[in-house]
Amino acid sequence: MRTVVHLAAPGEHAPTLEDRLARVAQGDQEAFSFVYDAVIGAVLGVARRVVRDPAQSEEVAQEVLLDVWRGAARFRPDRGSAMTWILTMAHRRAVDRVRSAQAATDREHRTAVREHTPEYDEVVEEVEARLEREQVRRCLRTLTEVQRRSVTLAYYRGCTHREVAGLLDVPLGTIKTRLRDGLIRLRDCLGVGA
Amino acid sequence: MTSADLHTMTGAYALHALDEDERREFEGHLVECPACAREVREFRATSARLAVAVAESPGPELKRRVMDEIATVRQLPPELPDRHSPTPVEPRRTRRVVVLVLAACLAAIGALGGVAIDRYRDARDAERAVAEQRARGAAIEAVITAPDAVGGSAPASGGGTVRVIASPALDRAVVLTSGLPTLPDARVYQGWYSDNGRMRSIGLIRPGTALLASGLDRASGVGVTVEPAGGSARPSGAPIVLIDLPAGRS
Ligand SMILES: [Zn+2]
């Protein structure tokens, strides 16, 4: 894959992901290519964490990107950033995949076909991801143990709050509160605004 | 559910961790509670950071596939039947009729009967248990959805039903029970392959859980007996159920 570095001409501000998405909504495939590059790493990352199977994770990522293409006109900037919109869909898709039973089809076959590890350049996003990883890790440590486990089991494993309660041996009624408290701490530590 | 309870569901909702019913109920609440709506937006932005933190590099073919595909996919118009996400694209994968719905995360732990999860105090152990259960779930799914899967079900003599699905190609069978009576402490259910009447043990069966058995070979059927705790090397009595697998498979 090409390493894409987006440099703005002097005096001009670089188009944001939201700007690009607006172009995508007009059917602009080149803008979509930029959006793809900006989000695919995180989309695939979350799919991989939740779905586990590499071939299926790629399928999920592909579906998410098609959702982005198809639904770009329905993105609502007043409800959050484009990145959040896309990654929320990605998590939803990944969770749906593990919660549905239709998954096994062709699995072995596809895995066999894509077993090789492709070569690629280190993209800019990877560097950002590394920094992000450090900060998220640091912030996760500010959560209580139950909060941290609850959040990570729900987010990275796609567990429902019931399943989390069973796994952590915590009364069912309290997990929702733990998830919320954990996210509040994480939000504040990461300095996330709406 | 009181609205005080509903306000606490923002986190579970943002992480897609509610059950369907709860989700619908909470979405009803969201339209009329700006505080929760705001909190959900913040939590979504927060969890997006969790995704970025685990970003991975895709192989180059993925982009090629996606770019090829968008060239043929029509976009949705902007006017909204107001929802946060677009109607999902229907996957073109052909859907099979699946005999049994195997749940996500860990429905496995309860339904497929694995490990007593309260032993897993440590998160890493818990995660490993999740992974194992998932792998087991995937293996069971593979049998159930195998193109050559055969099977049958029959009532057990003491009540309840036993169902068997076997895949000769995978050399495995899945035994599912429902409604088997609870046994006294010193007794257990045990599963067997029958090779035209010769019984080979495939392990103990916990009622309500699935047994995944390998070594199907040319078994002609699957039976279940009641045995002393720990199981037996050979059946100590007549099977409570014996299900024939279709003959003449390769
Ligand atoms: Zn509320």
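Going by the structure above, here's the rest.
Cut-offs applied
Residues numbered from 1 in each chain as written. Chains lettered and ligands numbered in written order. Predicted model: local features only at pLDDT ≥ 70, side-chain atom pairs only at ≥ 80, totals over all residues. Heavy atoms only, no water. Helix = DSSP H or I, 4+ residues; strand = E, 2+ residues; numbered from the N terminus. Buried < 20%, exposed > 50% of the residue type's maximum accessible area, 1.4 Å probe, protein only. Contact = heavy atoms within 4.5 Å. Areas by Shrake-Rupley, 256 points an atom, 1.4 Å probe, with all protein chains shown as cover. 1 Å grid on protein atoms, 1.4 Å probe; cavity = no way out; pocket = protein on both sides within 12 Å on 5 of 7 lines; lining within 4 Å. Points joined across faces, edges and corners; volume = space filled by probe spheres on them. Arc of directions from axis to C-beta. Donors = N, O, S within 2.8 Å, 3.2 Å for Na, K, Ca; no water. Tetrahedral: all angles 85-135°; square planar, octahedral: opposite > 155°, others 65-115°.

### Here we look at the overall build of chain B
Scanning chain B from N- to C-terminus turns up 7 helices and 8 strands. Of all 250 residues assigned to chain B, the portion counted as buried reaches 46%. If you take every contact in chain B between residues at least 6 apart in sequence, the share linking residues at least 24 apart comes to 55%. Of the roughly 12,200 Å² of accessible surface on chain B, 53% is carried by carbon and sulfur atoms.

### Regarding empty space enclosed by the protein
A full pass over the atoms with the stated rule returns 2 cavities of 30 Å³ or more. Here the second largest cavity is characterised by a volume of approximately 30 Å³. Along the walls of the second largest cavity sit A:Leu87, A:Thr88, A:His91, A:Tyr155, B:Ala14, B:His16 and B:Ser47, which together make up its complete lining. Top contributing element to the lining of the second largest cavity by residue count: helix α4 (residues 82–99) of chain A, with 3 residues.

### Focus on helix α1 (residues 17–25) of chain A
All names here are of chain A. Listed as buried for α1 are Leu-17, Arg-20, Leu-21 and Val-24. Along the long axis of α1, the arc covered by the buried residues comes to 100°, so they all point the same way. Against α2 (29–51), α3 (54–71) and α4 lie the buried residues of α1. The positive-phi residue at the C-terminal boundary of α1 is Gly-27, with phi of around 90°.

### Quick look at the coordination of the zinc ion
Residues and elements named next belong to chain B. Coordination of the zinc ion by the protein comes from His-7 (ND1), His-29 (NE2), Cys-33 (SG) and Cys-36 (SG), over a distance range of 2.0 to 2.4 Å. In this structure, the zinc ion is surrounded by 4 donor atoms whose angles at the metal cover 106 to 118°, and the resulting shape is tetrahedral. Summarised as a motif, the one-chain spacing of the donors to the zinc ion is H-x21-H-x3-C-x2-C. Of this pair, His-7 sits in helix α1 (residues 3–7) while Cys-36 sits in helix α4 (residues 34–52), and the two are 29 residues apart along the sequence.

These results come straight from atomic positions and should not be treated as a statement about function.
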